[in-house]
Each structure stands twice: as structure tokens, then as C-alpha cells.
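Examining the three-dimensional arrangement
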Amino acid sequence: MPTFEYAPAPESRAVVDLQSSYGLFINGEFVDGGGTSFKSISPATEEVLAEVSEATDADIDKAVAAARSAYTRVWSRMSGADRGKYLYRIARILQERAREFAVLETLDNGKPIKESRDVDVPIAAAHFFYHAGWADKLEYASLGTNPRPHGVVGQIIPWNFPLLMLAWKIAPALATGNTVVLKPAETTPLTALLFAEVCQQAELPPGVVNIVTGSGPTGQAIVDHPGIDKIAFTGSTGVGKMIARSIAGTRKKATLELGGKAANIVFDDAPIDQAVEGIVNGIFFNQGHVCCAGSRLLVQESIADEFDRRLKRRLGTLRVGDPLDKNTDVGAINSRAQLDRIVALTDVGEGEGAVRWDSGCALPTKGFWFRPTIFTGVSQTHRIAQEEIFGPVLSVLTFRTPQEAVAKANNTPYGLSAGIWTEKGSRILWMADQLKAGVVWANTFNQFDPTSPFGGYKESGYGREGGRHGLEAYVKTGA
Amino acid sequence: MARVDVKKTYKLYIGGKFPRSESGRSYEVYAAPSTTRRPRTEPPRFLANAAQGSRKDARDAVTAARAAQPGWAGATAYNRGQVLYRVAEVMESRRPQLVQEVRDAEGLSPAAAEAVVSQAIDRWVWYAGWSDKYVQILGGLNPVAGPYFNISASEPTGVVAVLAPQGSSLLGLVSVLAPIIVSGNAAVVVTSADRPLPAITLAECLATSDVPGGVVNIISGKASEIAPWLASHRDVNAIDLCGAADADGVDWAALEEASADNLKRVLRPAGEGAGAVEPDWSQTPDLSRLTAFLETKTVWHPKGR
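These numbers were taken from a predicted model, which means no experiment stands behind them.

1. Details of the interface of chain A and chain B
In this assembly, 42 residues from chain A lie in contact with 37 residues from chain B. Between chain A and chain B, roughly 3,200 Å² of surface is buried when both sides are summed, and carbon and sulfur atoms account for 49% of that area. Its largest share of buried area at the contact with chain B, chain A owes to R245(A), R251(A) and Y457(A), together 20% of the area lost on that side. Across the salt bridge formed by R464(A) and E295(B), the nearest N and O atoms sit 3.5 Å from each other. Counting across the interface, chain A meets chain B through 31 residue pairs in polar contact (both at pLDDT 80 or more). The set of elements that each furnish at least two residues to the side of chain A that touches chain B consists of α8 (237-246), β11 (253-257), α14 (425-434), β18 (439-442), β19 (461-462) and α15 (467-472) of chain A. Broken down by element, the side of chain A that touches chain B gets its largest block of residues, five residues, from α8(A). Taken together, the residues that form the side of chain A that touches chain B break down as 17 nonpolar, 14 polar and eleven charged. Bridging between β18(A) and strand β10 (residues 294-302) of chain B involves three bridges; their strand directions are parallel.

The following block contains the structure:
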């Protein structure tokens, strides 16, 4: 059969109206930050998209004061039904402006437009819609007696799913009656700032949502601020531990969604083509910038060679390049720093003796890029089998028995997710019981839904986001 | 002539056995002054030499707990419920001994001690009954927007270190321990420093109740000495800091900070700000002490013909 080249199919940027600079969103309006400004660039082209303010300690003070005032005077006094109606409004506006958000997300983050359009933005809207309905039903949620908000919640989110993580954080916080000071990641602040406009359009009372941009010190200022009652953080395990130490001995609560090193386990009776698709989706979705990515493939020894062949053939067809192209499968690495980290860890992998293979595809000359890469001959002690790479790199290990697969899968400090591929139902259920992971995908991977609790065991953090369980983190109960 | 009675040696409880402390140390335990009678001038009454647990004892206990935990979690919920109910049966059969020890430990009147022991036994029964129910209450099917079967269920966190309450030597201890083990966790308990004897007698109840060795390990001694090693232990999944209230030399903030090294789940002591107070154990509990040591696991599977 002849193979046909793809013609370029770029999504238009015209829908996005970028300003040259953005302030902080405090008390319902954009204000200038006190710190120096920094640039947010497109990782696919290194083009400067906008200048953004670095929030200082004084700015954080203002944001927390605005959130506290909004909490005391407005949000905590409003009926759940009315809070819910604001969330419904937000969900609807996100749907109405979905294309704009998708294009901006892809510009700022580097992820393929098909993912921002079909995953990030629709699920973000769904999170608001789902939680809107909880706002007046909290006493039915089996959270304990007299569920009530903590007050002001500080939220710090990562760069891999900027708008979606914002939705995971803000929707349950607002539904339960808390007000919010949220910091987006320094490399991907733009959709959060566009979300601030959504809050204005929804006529959300000023101060209920405050968005402050900046880097690590800004996040630390939020964590340490005495006016913050609860922290919700998604990011690296290292920073998660710092936060846990920072709030030790206080009465601040925390939910931490941290790193992972998920095993995707393929048995010899699995439907091979389906499993190959699942493995590819598991690690190359969003350039592997996914905390629950299936970064370790555990394949049963008897099919390892055949699986390896099919996997590599499939990787050869992945289209890497312009994130705005609707046919692109793998986009740009989010930042120079992340690319450096991926390069460093893959060099270590080679140095430790694992066998490296990549698809050899052409890469754009500007921007940050990394070819989909597979390491075979990986052993348990290799750093690429233990440490989170957070890039499009798969480490392949083999096993003989289900017991061995479980032992290897659980042999990391992480415990966020796991995958099982087999046609045998009883084995799926046994494996699911044994795996120390907060989310187990059987014969599928990387599925997300607002009703489905997400979060990890062990050093992948604590607390859950989504579903009834996700509400628990945002309320206190009892007398 | 009065009979010379046979006195009990109070030892540690680790891995289902009753060893002395590996350190060879013991410390003197005295009866609390009566809370009901007028103060007397006579010296405190000597009760026993309790084993003084060490950091090595704590580590041995964690090893025993880790070894026992998967089997305990893997037992059926019905089985765990029966085993825990059996603990209550054995406590009931030792009621006079428990009452005397609680009287001595806490300086209570006979009637008050009877009431406390009754409540402790009843609380054990209450938690035992939860073994095959909380999973249904807390989990279930999630209606995801797609052709998937999606279900969330609770699992035990793993090995839990516990600082037992300093004041309430039996009721408080039962109120923190039962909700931890009912879900399949294993526990390493540091007893009240001044009131360790009811805890060791509870250990004897556990040892004769089909609770597998290692599921509960009890170390008498000083929390200030042992707790830092448990808080920083990499193979402990969670820590209950309840007993930091009124414990000499225990800084719960420092323990929580050390717990961050492997992101232990931390149940802070009750109270406001940096303070810590012991809860009123006579209050009916809710599920919060049970849910503090659970993980939620969510499993997805596609639907199709």
C-alpha cells in the first residue's frame, strides 16, 4: 500500500487575543504586581507570548486579604445553591470559549491541539459542571457531620495541564464554600489569567478567586502565609515534601498530588495491538508530562520480543511537531529546563547500560523537542526505572509471573497509578488488589473524569481530587 | 498469714511475643494519686517495673508490623470483624484486672474505673462491627462519562505508628488503636509513659484473641525517646500523634516535620494552634480516626461486547 504524506492542518491562532503583558488577578480585577515581570514563551517556537508579573510577598498579602474578605462577607454566607449557580456559569463560559482556551493552552504549554481541544478543556469544564451540583448537597456526601469550608485555600498547580489542574483545584474549593488564591506554573500562566476573565464574565464576587503568578518563592509565600487555611498542591514529590515540612506543627491542611513511576503491565494473553495503543497513550500522551504516565512497561517475557517490534513500529508513525497542527501526536517539551532534565536522565540510562532506541523522526529546529524514546534491558536498580523522567521516555522491563510483576510494579517510592493488560478477568481483579496505586487502569490508561477520585499512595502524595472523595479535602466536619 | 501473691512482669509486645526491651532497661511505674479521696501524705504506691522500650525495639516492631500487615489486610473483612469482636470478649473476661489497673493508673474511683472499662470494651465492639461496612459507606461506583466500569474502594495505608494518649490509659488507647487495625493496618504503639500497664494487659488480650502476631505491637516507655525514630522511619506509612498531648519532651511539630521525609499520613493531635490536648474519649466517635488511615483506590475497565 502506498503511504501518503500529511498536509499541514494548523489550527488558527486568530481566536486568541493575547495582551503584551498581564498583571495579577486580585479582588476581581487585574492589578500590577510588585515584583519584576517574566516572559511566558511558546516552547514550540521560543516566541515570547506575553510578560507576566511576579507576585511579591506584599501581593500575596493582598490576595489572601481579598480572599479572606470575600470568604467572610460573601462566599461563606451565600447559599450552596447560589454558589453552585456561579460554578455552572463558569462551566458554560469555558464551553463557550473552549476553542480559545485550547489554542492558548497549546501555545503556552506546547501540547498538541488535539489534546488541549479534546481532553484538557472539555474535562476542565466538566469539573466545574460536576462540582456545581455538589454545592448545595454537601450534607449528603457522607463527609461527616456538619461539613463546612476551611476558609482561604492556597493552590499551586503545575505546567503539564495548566487549565485542567486549575479546574481540579478551584471547582471543589468553591463548591464547598472556600475562597482561593491560586498560583499557576511560571511557564504556563496564560490560561489561568484567561480564566480570570471568565470569573469576571460570570460575575463571580470579587476575591473569591485570586490568581497570582510567579515561581517557587511566590508558591512558598502562599504556603507560609498565616492567612491560608489549607494548601492544595500538584507538582513534584520534592516540592511536596517541602510543603509538608513547611506546614508541620500548624493547623493548615494539605492535599498533595505528586510524582509517579507507573508500571503498565502487559500479560501474554493481552490483545497486543490494543495494548500497544495503551502503552503509547500511557507514556507519549502530553509528551510524557503526566504524573500518572505509564513510564515503566512491564511485559511478560514470552511476548517481549514481539511486543517490542510492534511498539517500535507504532512509535515510527507518531507525528512529532507543530502542536497547533491537528494531526500532531507529540508536541513540544514544556521548557528548556525540562528538556535538560530529560536529556540528563536518558544519558544516565545509557550510561547504566540500558539500550536506547528512538523513532528517528525529524524535529523542528526551534523550540524544545525530544523524540519518543524507548529503553530496553532496563533493570530495577537503574535510575530510569526508579526516577520520574516526566518526558516521552519509556523504560521496558520483563517479568515471568504475576507475583513478579506485582513485586516490580510496587518497587518504587511512588504509588500513583498502574496499568494492567490481560483478557483474564480474575487476574485483573487480583492484580488490582495487589498494586499499591491510587488509580488502576485495566485494559485502558490515562482516563480521567470529574466523578473519579484521583491521587496516590506512598510518596505520590495524599488526598484525592475528583468525585465525592475529592470534597473531603475541602471541608472540616464534627462539632 | 496472708498469701504471698504472684506479681506480673510487664513486658513489651512485639511480633506476637512478649520480650523485655532489647536495651535491658526498665522503669518504675507508680499508682496515680486518687482523684476522689483527699490528698494523703504517704508516698506513691509502686506498681511494677515496666520495660523501657528503645529505638531498636521500635524498629523491631516496625519489621514485625510490616511482615504481618499484608496477611491481616488480606483476611476477609468478616474474619477481621470476628477477631476484633473476640478481643472484646477477652477484655470482658479480664474485666476485674483491667478495672484495677485503670484505677491504679488513673486514680479513678471503683465505679468510674468500671465505667471506663465498660466503655473501652463497648468501643472495641463498635469498631469491630465496622470491619465489613466502611468500604461500602466510603466507596462505590463512579458514573464516569464514558463506556467504563469505574469503582473506588478503601484500602489500609499500611504500617501506622501511634502515640497512645498519655491520660486515658485504656479507653483512649482502644479509641486510637481499634480504628487503625479494623481496616487491615498494622500498628506500632508507644504507650502512655506514666500509665503503661493497662496497655500491656490489652496486649495479652490481643495475644489470646487470634489477632495475628505483629498486627499490634506495643512498646512501653517514653514517647520523647521513641517517637522521633518512628516519625523518621522510612517503612512507616502513617503516624497518629494523639499522645503528644501532655507527653514530656514531645514536640509534635518536629515529629510531623520528620514524617514528611516519606510523606507519612499524619493525624495531628487535637487542639488549637501549636498546642495539643487529649480528646474527651467519653464522646461517641465518628469515622474520622478510621478514614485517616485509609487510601482510596480507583479501578477502571472498559465496557464492550
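That covers the picture; the talk isn't over yet.
2. Observations regarding the side chain of T201(B)
Residue and element names in this part refer to chain B. Residue placement: T201 occurs in helix α7 (residues 197-207). By relative accessible area, which is 0% here, T201 ends up buried. At 3.0 Å, the side chain of T201 and the side chain of K8 are in polar contact. Dropping the residues within four chain positions of it, T201 is found in contact with K8, Y10, R94, Q97, L98 and E101.

3. Focus on helix α6 (residues 190-201) of chain A
Given a rise of 1.5 Å per residue, twelve residues ought to cover 16 Å, and the 17 Å separating the end C-alpha atoms of α6(A) matches this to within 8%. With respect to burial, α6(A) is a largely interior element, nine of its twelve residues being buried.

4. Considering the UniProt feature "active site" (unreviewed entry) in chain A
Residues and elements named next belong to chain A. If you check UniProt for "active site" (unreviewed entry), the listed places come out as E257 in our numbering. By the secondary structure assignment, E257 is in strand β11. Setting aside its immediate chain neighbours within four residues, E257 contacts F233, T234, G235, F454, G455, G456, S460, G463, R464 and E465.

5. Focus: the UniProt feature "domain: Aldehyde dehydrogenase" (unreviewed entry) in chain A
Mapped onto this numbering, the UniProt entry annotates "domain: Aldehyde dehydrogenase" (unreviewed entry) at residues 31-477 of chain A. Annotated as 41% helix and 17% strand, the span residues 31-477 of chain A places its first and last C-alpha atoms 36 Å apart.

6. With respect to the environment of S37(A)
Residue and element names in this part refer to chain A. Tracing the chain through its elements places S37 in strand β4 (residues 37-41). C-alpha of S37 to C-alpha of I90: the two residues are 53 residues apart in sequence and 29 Å apart in space. Excluding its chain neighbours within four sequence positions, the residues that come into contact with S37 are E51, V52, S53 and E54. Side-chain polar atoms of S37 contact the side chain of E51, separated by 2.8 Å.

7. Re a nonpolar patch on the surface
A cluster of nonpolar side chains, namely L141(B), F149(B) and I151(B), defines an oily patch on the protein surface of about 270 Å² accessible area. As for its placement among the helices and strands, L141(B) is situated in strand β3 (residues 140-141).

8. Focus: the packing of aromatic side chains
Working definition: an aromatic ring pair is given by the centre-to-centre distance plus the angle between the planes. For the structure on display, the rule yields 18 aromatic pairs over all chains. Geometrically, the ring pair formed by W75(A) and Y86(A) is tilted, given 5.9 Å between the ring centres and 50 degrees between the ring planes. Residue W75(A) is located in helix α1 (residues 57-75), and its partner Y86(A) is located in helix α2 (residues 80-96); the two are separated by eleven residues in the primary sequence. Given a relative accessible area of 18%, Y86(A) falls into the buried group. With a centroid separation of 6.4 Å and an interplanar angle of 90 degrees, the aromatic rings of Y130(A) and W134(A) are classed as edge-to-face. Here the residue Y130(A) and the residue W134(A) both occupy positions in helix α4 (residues 113-134), the gap between them amounting to four residues, near one helical turn. Here the aromatic cluster, defined as three or more aromatic residues joined through ring pairs, consists of W168(A), W441(A), F445(A), F448(A) and F454(A). One Lys or Arg, R427(A), reaches over the ring of F267(A) and ends 4.5 Å from the middle of that ring. Cation over ring: K222(B) sits above Y27(B), and NZ or CZ is 4.5 Å from the ring centre.

Rules of the game
- Residues numbered from 1 in each chain as written.
- Chains lettered and ligands numbered in written order.
- Predicted model: local features only at pLDDT ≥ 70, side-chain atom pairs only at ≥ 80, totals over all residues.
- Heavy atoms only, no water.
- Contact = heavy atoms within 4.5 Å.
- Buried area = accessible area lost by both parts, 1.4 Å probe.
- Salt bridge = Lys/Arg side-chain N within 4 Å of Asp/Glu carboxyl O.
- Polar contact = N/O pair within 3.5 Å; in protein donor to acceptor, adjacent residues only side chain to side chain.
- Helix = DSSP H or I, 4+ residues; strand = E, 2+ residues; numbered from the N terminus.
- Nonpolar A, V, L, I, M, F, W, Y, C, P; charged D, E, K, R; others polar.
- Pairing = 2+ DSSP bridges.
- Buried < 20%, exposed > 50% of the residue type's maximum accessible area, 1.4 Å probe, protein only.
- Expected span 1.5 Å × (residues − 1).
- UniProt positions renumbered as here; feature names shortened; annotations may be inferred.
- Patch = residues over 30% accessible without salt bridge, like charges linked within 9 Å, V, L, I, M, F, W, Y side chains within 5 Å.
- Areas by Shrake-Rupley, 256 points an atom, 1.4 Å probe, with all protein chains shown as cover.
- Phe/Tyr/Trp six-rings, centres within 6.5 Å; stacked < 30°, edge-to-face > 60°.
- Lys NZ or Arg CZ within 6 Å of the ring centre and 35° of its normal.

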